[in-house]
Amino acid sequence: MRARYDRATQTPVAQVVGGLTFLAGLYLAISPWGVGFSGRPTITVNNLVTGLAVAALAVGFASAYGRTRGVAWVTPIIGLWTIIAPWVVSPHSAPASVIVSNVIVGVILLLCGLAEIAIGMRSSRRKT
């Protein structure tokens, strides 16, 4: 069964989704300094921690999807959290750059996470 999941991650679509998820996680982690809102500690720590978590998940999915597929649902949840975080974490002080950055990367993470789940579901239905 694990071999089937690992074969599923070797398809071009799965590799693009995994790479995009990893890059989105890295972007989320460095966005406070890249976009310029590192002076806001709550959203900075939030983006750093969630971005590193997504990047670690993406590495796990790419290297051993058969073992990590059970936590594939976490990526779209982090994507949703990333979208709403500017209003929840710093409700009255989030500048437009934070909101735009988080919403865009959150949508990307949500879509990539759903694609990762679909890849796993498709490979589990496929016969050997």
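See the structure above.
As the structure is a prediction and not an experimental result, all values here were calculated from the model.

The next thing to look at is the overall build of the protein. From N to C terminus, the protein includes 5 helices and 0 strands. The secondary structure elements of the protein, listed N-terminal to C-terminal, are α-α-α-α-α. Taking all 128 residues of the protein together, 41% fall into the buried category. Only carbon and sulfur atoms are counted for the fraction: they give 71% of the accessible area of the protein, which is about 6,800 Å².

Within the secondary structure, Gly60 is located in helix H3 (residues 41-68). Classification of Gly60 as buried rests on a relative accessible area of 16%. Considered as a pair, Gly60 and Ala72 are 12 residues apart in the sequence and their alpha carbons are 9.9 Å apart.

Compared with an ideal rise of 1.5 Å per residue, which puts 25 residues at 36 Å, helix H2 (residues 12-36) spans 34 Å between its outermost C-alpha atoms and is within 8% of the ideal. Where H2 is concerned, the buried positions are Ala14, Val17, Gly18, Thr21, Ala24, Gly25, Leu28, Ala29, Ser31 and Pro32.

Conventions adopted
Residues numbered from 1 in each chain as written. Predicted model: local features only at pLDDT ≥ 70, side-chain atom pairs only at ≥ 80, totals over all residues. Heavy atoms only, no water. Helix = DSSP H or I, 4+ residues; strand = E, 2+ residues; numbered from the N terminus. Buried < 20%, exposed > 50% of the residue type's maximum accessible area, 1.4 Å probe, protein only. Areas by Shrake-Rupley, 256 points an atom, 1.4 Å probe, with all protein chains shown as cover. Expected span 1.5 Å × (residues − 1).

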